[in-house]
Amino acid sequence: MPEPAHATLDARGLNCPLPILRTRKELANLQSGELLEIISTDPGSLKDMESFCQQTGHQLLESQSNDGEFHFFIHKT
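Let me sum up the structure you'll find in this document.

1. Focus: helix α1 (residues 18-28)
1) Next: Along α1, the residues that are buried comprise Pro19, Ile20, Thr23 and Leu27. For α1, the angular spread of the buried residues around the axis is 95°, confining them to a single face. Residues of α1 that are exposed and point over 90 degrees away from its buried face: Lys25 and Ala28.
2) Next: Against β1 (7-11), β2 (35-40), α2 (45-56) and β4 (69-75) lie the buried residues of α1.

Laid out in C-alpha cells, this is it:
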C-alpha cells in the first residue's frame, strides 16, 4: 500500500458513473501531490478509474480487489 492517504472516499454501493463523479469532486478538494483512497463495490470501477486517470493526468498508484471491494490510490497531479 502507498503512503497514508490524505482523504478517503467511500463509494461502496454506488454504481457507474457515481464513483467517478465523486472521485472528481473529492480530488478537487485536495492539493497537488496529495493522495486519495477510493473504496468501491462497482466492478466497472476497475476500468473506470484507470480511464479517468489517463484522461485527467492524475496517477493511479495502486488498485486492489478484496472480497468484492475495490481500493484505489490516486495521486493528484
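2. Points about the sheet that holds β1
1) Next: The strand order β1-β2-β4-β3 describes an open sheet built from four strands, whose pairing is mixed. In the strand order of this sheet, the two ends are held by β1 and β3 (59-66), each with one partner. Recorded for the sheet is a direction-independent mean angle of 15° between the axes of neighbouring strands.
2) Next: Where β2 and β4 come together, six bridges link them in antiparallel fashion. Counterpart to Ile39 in the pairing with β4 is His71.
3) Next: Against the sheet, α2 engages β2, β3 and β4, with an angle of about 10° to β4.

3. Considerations on the packing of α1 against α2
1) Next: With their axes 10 Å apart at the nearest point, α1 and α2 run at an angle of 40° to one another. Accordingly, the angle class assigned to the pair α1 and α2 is oblique. Here α1 and α2 pass one another in a crossing that is right-handed. The segment α1 lies against α2, with Pro19, Ile20, Thr23, Arg24 and Leu27 engaging Asp48, Met49, Phe52 and Thr56.

4. Thoughts on the nonpolar core
1) Next: In terms of nonpolar packing, the biggest core is built from 15 residues, with Leu27, Leu36, Ile38, Met49 and Ile74 touching the most fellow members.
2) Next: If you list the elements that add at least two residues to this core, you get β1, α1, β2, α2 and β4.

5. Structural notes on unusual backbone geometry
1) Next: Here Cys16 and Pro17 are connected by a cis peptide whose omega angle stands at 10°.
2) Next: Even without being glycine, Asp67 reaches a positive phi, approximately 50°.
3) Next: Positionally, Asp67 belongs in the loop between β3 and β4.

6. Some details on the pairing of β3
1) Next: By the bridge criterion, seven bridges tie β3 to β4 in an arrangement that is antiparallel. Following the sheet pairing, Glu62 is matched in β4 by Phe73.
2) Next: Hairpin connection of β3 to β4: two residues between the antiparallel strands, including Asp67 at a positive phi of 50°.

About the cut-offs
- Residues numbered from 1 in each chain as written.
- Predicted model: local features only at pLDDT ≥ 70, side-chain atom pairs only at ≥ 80, totals over all residues.
- Heavy atoms only, no water.
- Buried < 20%, exposed > 50% of the residue type's maximum accessible area, 1.4 Å probe, protein only.
- Helix = DSSP H or I, 4+ residues; strand = E, 2+ residues; numbered from the N terminus.
- Arc of directions from axis to C-beta.
- Contact = heavy atoms within 4.5 Å.
- Pairing = 2+ DSSP bridges.
- Axes fitted to C-alpha atoms, helices over the stretch in contact; angles between N-to-C directions.
- Parallel < 35°, antiparallel > 145°, perpendicular 65-115°, else oblique.
- Left-handed = near helix turned anticlockwise from the far one by under 90°.
- Core = buried A, V, L, I, M, F, W, Y, C linked by side-chain atoms within 4.5 Å.

That's the geometry; what it means functionally is another story.
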